[in-house]
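# Structure assessment
Next come the chains, spelled out residue by residue.
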Amino acid sequence: MKKVGIVMGSDSDLPIIKKATDMLDSLSVPYEVHIYSAHRTPVEARDFAVNARQNGFGVLIAAAGMAAHLAGAIAANTTLPVIGIPCKSSNLDGMDALLSTVQMPTGIPVATVAINGGGNAALLAAQIIALEDKELSNRLDEKRKADAAAVLKKDADLQKTFNS
Ligand code: RP5
């Protein structure tokens, strides 16, 4: 199975990345995690993206906050699919990173998830990897069913409390 490459701009983004790695662990999807910054370590960020396909990655996740150029900078250097996670910063609540990540010019796409959306970034990455892996596709189907069952159980509990 191809790996998911996860890059964050700073170790301060790690709590958001943990949501992604937990999700990938639960689906048995292999991944690598790195700290490369579009601004502080641009050469390493570029090299990671340039070599990602030949290093066995099938999709990349890039998480950054503030003037969040990491996902775009990664996407500029590979034609692997890139998923951007805008991270919430202290001053602008993540709106800065959201707009920096989502507003890519035509030609260099970044599939942007919600602010701090590590879980959905991992799920989307898994769905991309699952295009060529039937067993992973089955695990994703099972997760959808389990998630729906959990919501219906909550509804049933609510009926007992409010509607009986
Ligand atoms: C971004 O700046 C990082 O992705 C992080 O979200 C934000 C702040 O970084 P630190 O100052 O906490 O290292 O590049």
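Okay, so let's go over this structure. Just so it is clear, the model here is predicted, and its values are computed rather than measured. (Residues numbered from 1 in each chain as written. Predicted model: local features only at pLDDT ≥ 70, side-chain atom pairs only at ≥ 80, totals over all residues. Heavy atoms only, no water.)

### Considerations on the environment of L124
- As for its placement among the helices and strands, L124 is situated in helix α5 (residues 118-129).
- Residues L124 and I61 lie 63 residues apart in sequence; the distance between their C-alpha atoms is 9.6 Å.
- Setting aside residues no more than four positions away along its own chain, L124 makes contact with I83 and A111. (Helix = DSSP H or I, 4+ residues; strand = E, 2+ residues; numbered from the N terminus. Contact = heavy atoms within 4.5 Å.)

### Regarding the site of the ligand
- As a matter of local geometry, the ligand sits amid G9, S10, S12, D13, R40, A64, G65 and M66.
- The contact in question runs from an oxygen atom of the ligand to an N or O atom on the side chain of S10, over 2.6 Å.
- At 2.6 Å, a side-chain N or O of D13 approaches an oxygen atom of the ligand.
- Surface burial for the ligand is 72%, taken as the share of its 370 Å² of free accessible area covered by protein chains. (Near = heavy atom within 4 Å. Polar contact = N/O pair within 3.5 Å; in protein donor to acceptor, adjacent residues only side chain to side chain. Areas by Shrake-Rupley, 256 points an atom, 1.4 Å probe, with all protein chains shown as cover.)

### A few points about the nonpolar core
- Grouped together as the largest cluster of nonpolar side chains are 26 residues, with contacts concentrated most on V4, L27 and I61.
- When residues of this core are traced back to their parent elements, those giving at least two are β1 (3-8), α1 (14-26), β3 (57-65), β4 (82-87), α5 and α6 (134-162).
- Here the element with the most residues in this core is α5; it accounts for six residues.
- Excluding residues within four positions of it along the chain, V4 makes contact with L24, V29, P30, Y31, E32, F57, V59, I61, A125 and I129.
- Judged by nonpolar contacts, the second largest core, of 20 residues, contains A45, F48, F57 and V110. (Core = buried A, V, L, I, M, F, W, Y, C linked by side-chain atoms within 4.5 Å. Buried < 20%, exposed > 50% of the residue type's maximum accessible area, 1.4 Å probe, protein only.)

### Focus: the sheet that holds β1
- In space, the five strands of this open sheet follow the order β2-β1-β3-β4-β5, with parallel pairing throughout. Edge positions in the sheet fall to β2 (31-35) and β5 (111-112), since each of these pairs with one other strand and no more.
- Both β1 and β3 contribute to a ladder of six bridges, which runs parallel. Across the sheet, the residue bridging to M8 is A63, located in β3.
- Contacts from α5 reach β1, β3, β4 and β5 within the one sheet, and its direction differs from that of β3 by about 165°. (Pairing = 2+ DSSP bridges. Axes fitted to C-alpha atoms, helices over the stretch in contact; angles between N-to-C directions.)

### So, α1
- Along its 13 residues, α1 runs 18 Å from first to last C-alpha, staying within 8% of the 18 Å computed at 1.5 Å per residue.
- All buried positions along α1 are accounted for by I16, I17, A20, T21, M23 and L24. Angularly, the buried residues of α1 cover 160° about the axis, an arc narrow enough to put them on a single face. α1 presents P15 and S26 as exposed residues on the side facing more than 90 degrees away from its buried surface.
- Contacts made by the buried residues of α1 are with β1, β2, β3, β4, α5 and α6. (Expected span 1.5 Å × (residues − 1). Arc of directions from axis to C-beta.)

### Some words on unusual backbone geometry
- With a phi angle near 60°, M66 is a residue other than glycine that sits in the positive phi range.
- Mapped onto the elements of the fold, M66 is located in the loop between β3 and α3 (70-75).
- The exposure class of M66 is exposed, given its relative accessible area of 55%.
- Positive phi, close to 65°, is recorded for N116, a residue that is not glycine.

### As for helix α4 (residues 95-102)
- Buried within α4 are the following residues: D96, A97 and T101. Around the axis of α4, the buried residues are gathered within 115° of arc, so they sit on the same side.
- Tucked into the core, α4 has its buried residues touching β3, α3, β4 and β5.

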